[in-house]
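Commentary on secondary and tertiary structure
In case you want the letters, here they are:
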Protein chains: 4
Amino acid sequence: MTQAAPTRRAGRHLLQIPGPTNLPDRVLRAMDRPVIDHRGPAFRALTERLWPGLRRVFGCSGPVVIFPGSGSGAWEAALVNTMSPGDRMLMCETGHFAVQWARIAERLGLRPELLPGDWRHGADAEAIRARLSAPDGGGFRAVCAVHNETSTGCVSAIPEIRDAMDAAGHSALLMVDTISSLGSMPYDAEAWGVDVTVGGSQKGLMLPPGLSFNAVSAKALEAARHAALPRAYWDWDAVIEANEGGVFPYTPATNLLYGLAEALDMLAEEGLEAVFERHARHGAATRAAVAAWGLETQCADPAQASNSLTAVRMPEGHSADAFRALVLERFDMSLGNGLSKLADRVFRIGHLGDFNDLSLIAALAGVEMGLCEAGVPYGAGGLDAALDSLMRRAPSAPHAAPQTPATTPSMARTGQE
Amino acid sequence: MTQAAPTRRAGRHLLQIPGPTNLPDRVLRAMDRPVIDHRGPAFRALTERLWPGLRRVFGCSGPVVIFPGSGSGAWEAALVNTMSPGDRMLMCETGHFAVQWARIAERLGLRPELLPGDWRHGADAEAIRARLSAPDGGGFRAVCAVHNETSTGCVSAIPEIRDAMDAAGHSALLMVDTISSLGSMPYDAEAWGVDVTVGGSQKGLMLPPGLSFNAVSAKALEAARHAALPRAYWDWDAVIEANEGGVFPYTPATNLLYGLAEALDMLAEEGLEAVFERHARHGAATRAAVAAWGLETQCADPAQASNSLTAVRMPEGHSADAFRALVLERFDMSLGNGLSKLADRVFRIGHLGDFNDLSLIAALAGVEMGLCEAGVPYGAGGLDAALDSLMRRAPSAPHAAPQTPATTPSMARTGQE
Amino acid sequence: MTQAAPTRRAGRHLLQIPGPTNLPDRVLRAMDRPVIDHRGPAFRALTERLWPGLRRVFGCSGPVVIFPGSGSGAWEAALVNTMSPGDRMLMCETGHFAVQWARIAERLGLRPELLPGDWRHGADAEAIRARLSAPDGGGFRAVCAVHNETSTGCVSAIPEIRDAMDAAGHSALLMVDTISSLGSMPYDAEAWGVDVTVGGSQKGLMLPPGLSFNAVSAKALEAARHAALPRAYWDWDAVIEANEGGVFPYTPATNLLYGLAEALDMLAEEGLEAVFERHARHGAATRAAVAAWGLETQCADPAQASNSLTAVRMPEGHSADAFRALVLERFDMSLGNGLSKLADRVFRIGHLGDFNDLSLIAALAGVEMGLCEAGVPYGAGGLDAALDSLMRRAPSAPHAAPQTPATTPSMARTGQE
Amino acid sequence: MTQAAPTRRAGRHLLQIPGPTNLPDRVLRAMDRPVIDHRGPAFRALTERLWPGLRRVFGCSGPVVIFPGSGSGAWEAALVNTMSPGDRMLMCETGHFAVQWARIAERLGLRPELLPGDWRHGADAEAIRARLSAPDGGGFRAVCAVHNETSTGCVSAIPEIRDAMDAAGHSALLMVDTISSLGSMPYDAEAWGVDVTVGGSQKGLMLPPGLSFNAVSAKALEAARHAALPRAYWDWDAVIEANEGGVFPYTPATNLLYGLAEALDMLAEEGLEAVFERHARHGAATRAAVAAWGLETQCADPAQASNSLTAVRMPEGHSADAFRALVLERFDMSLGNGLSKLADRVFRIGHLGDFNDLSLIAALAGVEMGLCEAGVPYGAGGLDAALDSLMRRAPSAPHAAPQTPATTPSMARTGQE
């Protein structure tokens, strides 16, 4: 028992980076079990639990390939299964992660072309259409977009990109990174005509990092037949074939799969629509707080604002990283940092995963008190604005409705009676 | 995987009753271990970890007797070890739990006398002095007080009671219930001259319920020699003697002892002074919020206000229980109910245990939004008042101090620059 | 990372004392959850899960009172709820625990009379009948027996005791300690006419210690109305009444109740009959090993041998405690010690709780190798005898039956073909 | 609570496949924690705990690259970081996994050449020397060997391979798969002159699957500068550079890293030498049992027998898979299957990881009883042979030595006195 310098922080750490997220105990407890034989009948039963839930989350009826690996591995998998050396791809520079994906493509010997962006908007579907329709536009083998750019909090409208490709009559594959939108925001691979969807475990799926996914269309599977990039670990075919027998072609990350099965159950128990609406409420309330503080979101177009994270621009002359360090030190809350050219310029508030109204207010309180302590000029009333936003947009009751007044008055009106 | 009615609440439940409290993961994980032989060397090593930390928390150098049982069991233990049938005791009617203790004394064949109280104050030391000094005051064998009355949130000044007893030159034992103050508010059995301190595991000690304690003075041990109430399970001597050999005279609740060892380490790591100051900050911030809402605390004397819980009086015509049910339903937060004559009249906010600034704001946000939804008239600005209170009373930095502005401006002043 | 003296034992410790037992992970994980409000709706739902399973295990349709406390607390509860000061009780000296219960009765002001026993047999029903029929036999208010004497491994035939009481036309209450038989060996409080059954959590119920039980007949409840021993904590009425509303009259040991609900589910999933048969197989195999070693069981009558533990007599001149210490040190297995007059004379092998064939062989291997290392004279072949016993008495298949040969040959015959 | 068909198996499942292994509770509990910010100071502190322990296990002083991925990913990483398209490699056909590695090399566009083997021996160092010295032997860029071939239980003497390469004056890189030997059998990358060591988390490291490793020599790092295979995810440089700042270039599998830190502590606490000796004792005892049963190990050379697993050949006319299914059904133990051409011909007993004498006996008892039930002809006495082997080779006492007889007699001699 230490008598020396105090070292413990009381209470629960708030992990408000935009993923990994605050894990639900149910997922942790599901993972806290002995490993089983990955070639035995119990394992087979485990995998069978996964497919319906995964397909529902991705909005697909075809294979979802699970990799032990990070989200960047699933990016690589999407490329090596479908592309050949020197293939051209059209990518949209929506932010840090879009650029990273392009860099990986380059490293693998592909020729990505980045449609320029200002890191404050989603992908520009019209620009995509134009580029694809240009004289040399026919050669792109893939169009790649990040659904929810985790570095900026901007959403790209995937159906619009699909429409742009169709309008251009283009046959490229459409590949979409949903790492920070999957399980948090509406997504429908099949309805939206996406050929490869890239996902990860550590965001809306409420799991630790360590698993990533490719949801694959029939067209993508066909492309894989002819793709000439060397591949082994990431090869779809081997996994899909093995999965049919309830196994994997390698030793799978069994305990993360336990967690995945539990998390998929939990999403189903809440209902995906309710999950999306919850994130929408929290996104709106967060933006209301930011507006009240007089700060600016990195996302310049409210219609494109992410519901899983909000990147906030730091006023000139103030360091976002010093602010984040102060919030961590003082309030035991982790906020996301600015990446690449946004380093030290923005901080990011994750409001995704297993999260509720009171957790959100806690997180916003940490920001508001942090702004105060850091001497950042801001307007008061962020919390009240968030409360008001939450109250105006009540969730549909998950159980039987409680006896509440017929009309929920706004907080401002009820106050001070 | 259910497709039917959604059943899951997202995010973490907030348990803001005044104990049991939100358990830290460290304690839960420490308990999540196989049982060991309660007569073997590993168990002996476990018990040796307990005593220094327990003595520090109780402020004593003598024995602390651990019972597998609830706090009410430790009340009973205090009585049956020291009293004989028909013995008279002076107790102070500070609230529900003080009355319960008296009822138990009656059931055991003792004659408790309750000094009347209004359930809005701590014990009245002057009244105790007067009663002890009355002609028939010499016959009391014990004076009993509840340090922190969990049903009202009023603190009794134990040193003043000791002084009153000394002033009356009275030899009665002083017995104190610290169930909801231990490990949350300053307490010092030896310095304060307390003979039997009654404690429980499920509040400031951050454990699940299931253990309770008697910290025993030499005078109490001496009284036990002559006490004639029958006793077996609660007998101090058997436990104290067995403890010297590292065992218990019954099968102990091993996994709760694992948790206790961990919790005592955690209190030491944070530092008891820091723990108390943390609770003081949170108590003050909660009362600031209640005042801003225009509501009344059950505790009528601010100097006696508890730092581990705040009981809030519901405005006339509004049901505290309906309000609590709404908060549970809508915000997944449990608040404490009113007990006995306070039923449906107060709700209690627990702010003790493993808790921090942001958790407190979350809890207060749940109350504020609940008041709004329930149509209870209240003043806006509770959260802001709490934030302001927290910021004005910054904790001493647990680690290295972060780079903060030299003077922390009040939030109101910093806002809107 | 320590480089110094190695301190870690590899592998899993085997806890082969006769309770507490090796906990199943499911129970530990069920307990590894946040506490909930013990007065809220989720808690009520938890308690409702408990009653059917508890009644099934006790074989009763009346109340089962749950106490936060050890088994000795439930002994005390049985007495204080039904007896008045000076009441006489007939108890059977089957071993250490029977004697302890009598001592507790004495401490509480009762007058227990111990029917003498040699600690190598169960209770003698005929002697009970004779004693009850003696001229002064009418005054006993209770007959108390230990169903499975944990200190000796001898079973008392409770139905025979019931018959003896009936034969004597006696109206005493029948109280039975089932602490180490409950959930391991057949027991049926109602069919057997038992008025108070005393149970604990840490044996066949596969829980950590910390809960104990009284299953109470209508006759016992009636007796409680007139019983004059003082009682508060252990009072049945308060608990039974509170339970009807889904609560307890004190703060219950919530996390142990989580575990209890899980354990009851597990017993139901395996099926109580299968649980009992499993223990019977393991008891028989253990005795086969002991016989092969040429050692003697403390239980002198094979028909009374316990299926949850086996006490083995140490050959003269050898210390059972030194042997146990060696087994602990060398094989990381805890064996039970001899108690009272059996101290250092017997060691006890627990084979109860969540346990299977291979665990049993592991435990017996630890004994056999320990005997060898300790230089205790013994016959070889204990493990083979146990294997043979297990094979001859194959369990009914829990799932679909595997493709096994129609007749299971004894191992000796199959070997060396 | 199910009343229908019983579904629960009592007791603990034994996972005796040659990895993943039976996880220690400490590792599971270490992983059962919230995720932390992978770019924050707490994460940095976590990574700093890892390097010394990892280097000790690999026997290296250079970088150990951690990948979120399976062991096959680490194979791929070893290749893509060091090789260029069309490069030739010499590999040794010791069994299924050696062949798999070669297939991966082919898929990546390399030209592996397999030195033929009979799957019953380790790699033939003399054949390697000869092949490297052949006229076209100079062109191999790498020699690859599997230290402990998990499919056969044969060990390849890596120092002899190093000597062979040196004798041939060959400059190829030496790459070694230690997936099922690391942390179980002596290994020393630097002393043995290994350039790339491939490891996984799920065997001797006592972790769930999901992490894999490359320990990299300076020569290998130099080779990486010129290697032309495309690489991104598996790129060493990015990881090594990021690690210097305490981070990873992707979202790491944080919870598995928690487990890794704990497992490395545990290995250090036991002492690596003690860990290796423990596996050696268990390997020897297993082989003694197999010999007593009259069965044959797949490894034909006792000097090359693995200490982490034993592959046992099934007598003609008997199905190894039917036997394994019976053992799983009847004794709740998983054994490893035969792979590729050994399918249904061998079963594999894993005796690695967190394992002790009594667990080993339990596992062998499951095999012996399974042989009996399956009607496989076998000799009796396997368990006795294992006991005897264990007793003859007592471990050095981990704590203070117990009072044991000066000479430990063999079990046979002590028996039947």
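Definitions and limits used
Every chain begins its residue count from 1, and numbering advances along the sequence as written. Key to labels: chains lettered from A, ligands numbered from 1, both in the order written. A pLDDT threshold of at least 70 governs which residues receive local features in this predicted model, and a stricter bar of 80 or more applies before side-chain atom pairs are shown or counted, although totals over entire chains, interfaces and linings include all residues. Where helices and strands are cited, they refer to DSSP runs of H or I of at least four residues and of E of at least two residues respectively, numbered from the N terminus. Buried residues are those with 20 or more other C-beta atoms within 10 Å of their own C-beta, exposed residues have 12 or fewer, and partly exposed residues lie in between; C-beta atoms are placed from the backbone. Any residue pair is listed as a contact if its two C-beta atoms, each placed from the backbone, are within 7 Å. UniProt positions are given in the numbering used here, feature names are shortened, and annotations may be inferred rather than shown by experiment. A helix is expected to reach a length of 1.5 Å times the quantity of its residues less one. Gly falls in the polar group here, along with every residue not listed as nonpolar (Ala, Val, Leu, Ile, Met, Phe, Trp, Tyr, Cys, Pro) or charged (Asp, Glu, Lys, Arg). We superpose the copies by least squares over the C-alpha atoms of residues that have a pLDDT of at least 70 in both of them. Predictor confidence is given residue by residue as pLDDT, running from a minimum of 0 to a maximum of 100. Domain start and end points were adopted from an automatic or database domain assignment.

Moving on, we come to the overall build of chain A. A tally of helices and strands in chain A yields 14 helices and 14 strands. Seen through its C-alpha atoms, chain A measures out along the principal axes to roughly 70 × 55 × 55 Å. Counting over 417 residues, chain A shows a buried share of 65%. A sequence separation of at least 24 residues applies to 72% of the contacts in chain A between residues at least 6 apart.

Another point: the UniProt feature "binding site: substrate" (unreviewed entry) in chain A. Residue and element names in this part refer to chain A. As annotated by UniProt and renumbered to match this structure, "binding site: substrate" (unreviewed entry) occupies Arg-348. According to the C-beta neighbour criterion, Arg-348 is buried, with 25 such atoms within 10 Å. Arg-348 has contacts with Ile-17, Pro-18, Gly-153, Leu-309, Ala-311, Leu-335 and Gly-336, leaving out every residue within four places of it along the chain.

Residues and elements named next belong to chain B. Here helix 2 (residues 41-58) contains 18 residues, and its C-alpha end-to-end distance of 27 Å stays within 8% of the 26 Å for a straight helix at 1.5 Å per residue. By the burial criterion, the buried members of helix 2 are Phe-43, Thr-47, Gly-53, Leu-54, Val-57 and Phe-58. Contact partners of the buried residues in helix 2: strand 2 (64-68), strand 9 (196-200), strand 10 (211-216), helix 8 (236-244) and helix 9 (254-270). Downstream of helix 2 by a residue or two, Gly-59 has a phi angle that is positive, lying close to 70 degrees.

Now for the UniProt feature "domain: Aminotransferase class V" (unreviewed entry) in chain A. On the UniProt side, "domain: Aminotransferase class V" (unreviewed entry) is annotated at positions that read residues 52-326 of chain A here. Secondary structure over residues 52-326 of chain A splits into 41% helix and 18% strand, and the C-alpha atoms at its two ends are 44 Å apart.

Bringing the interface of chain D and chain A into the picture now. Taken together, the contacts link 44 residues of chain D with 44 residues of chain A. Broken down by secondary-structure element, the contributors of at least two residues to the side of chain D that touches chain A are helix 1 (25-31), helix 3 (71-82), helix 4 (96-107), helix 9 (254-270) and strand 13 (333-337) of chain D. A total of 4 residues in the side of chain D that touches chain A trace back to one element, the largest contributor, which is helix 3 of chain D. Residue composition of the side of chain D that touches chain A, grouped by class: 22 nonpolar, 16 polar and 6 charged.

Moving on: the relation of the copies chain D and chain A. Between chain D and chain A, which share one sequence, the superposing operator has a rotation angle of 180 degrees and an axial displacement of 0.0 Å; the RMSD is 0.0 Å. Both copies of the chain, as the preceding transformation shows, are related through a two-fold rotation axis. Residue Gly-69 of chain D of chain D places its C-alpha closer to the rotation axis than any other residue of that unit, at 2.4 Å. A share of 100% of interface residues in chain D that are also interface residues in chain A marks the association as one of identical surfaces.

This brings us to helix 11 (residues 320-331) of chain A. Between the first and last C-alpha of helix 11 of chain A there are 16 Å, a value that for 12 residues agrees with the 16 Å anticipated at 1.5 Å per step. Of all 12 residues in helix 11 of chain A, 9 are buried, a share of seventy percent or more. Taken residue by residue, helix 11 of chain A has Ala-320, Phe-323, Arg-324, Leu-326, Val-327, Leu-328, Glu-329, Arg-330 and Phe-331 of chain A as its buried positions. Buried residues along helix 11 of chain A sit in contact with strand 13 (333-337), strand 14 (346-350) and helix 12 (357-374) of chain A together with helix 12 (357-374) of chain B. Note on helix 11 of chain A: the residue one or two positions beyond its end, Asp-332 of chain A, has a positive phi of about 55 degrees.

Quick look at the confidence of the model for chain A now. All names here are of chain A. In the predicted model, chain A carries a mean pLDDT of 93, and 93% of its residues have values of at least 70. Within the model, the stretch residues 397-417 combines pLDDT values under 50 with 35 contacts to residues more than four positions away or in other chains. At the level of chain-chain contacts, confidence expressed as ipTM amounts to 0.94, with global pTM at 0.94.

Residues and elements named next belong to chain A. Domain boundaries assigned for chain A yield domain 1 (25-268) and domain 2 (271-394). For domain 1 versus domain 2, the distance between C-alpha centres works out to 27 Å. With 24 residues of domain 1 in contact, the opposing surface of domain 2 contributes 24 residues. Only helix 4 (96-107) and strand 7 (154-155) provide two or more residues apiece to the side of domain 1 that touches domain 2. A breakdown of the residues in the side of domain 1 that touches domain 2 according to their chemical character gives 8 nonpolar, 13 polar and 3 charged.

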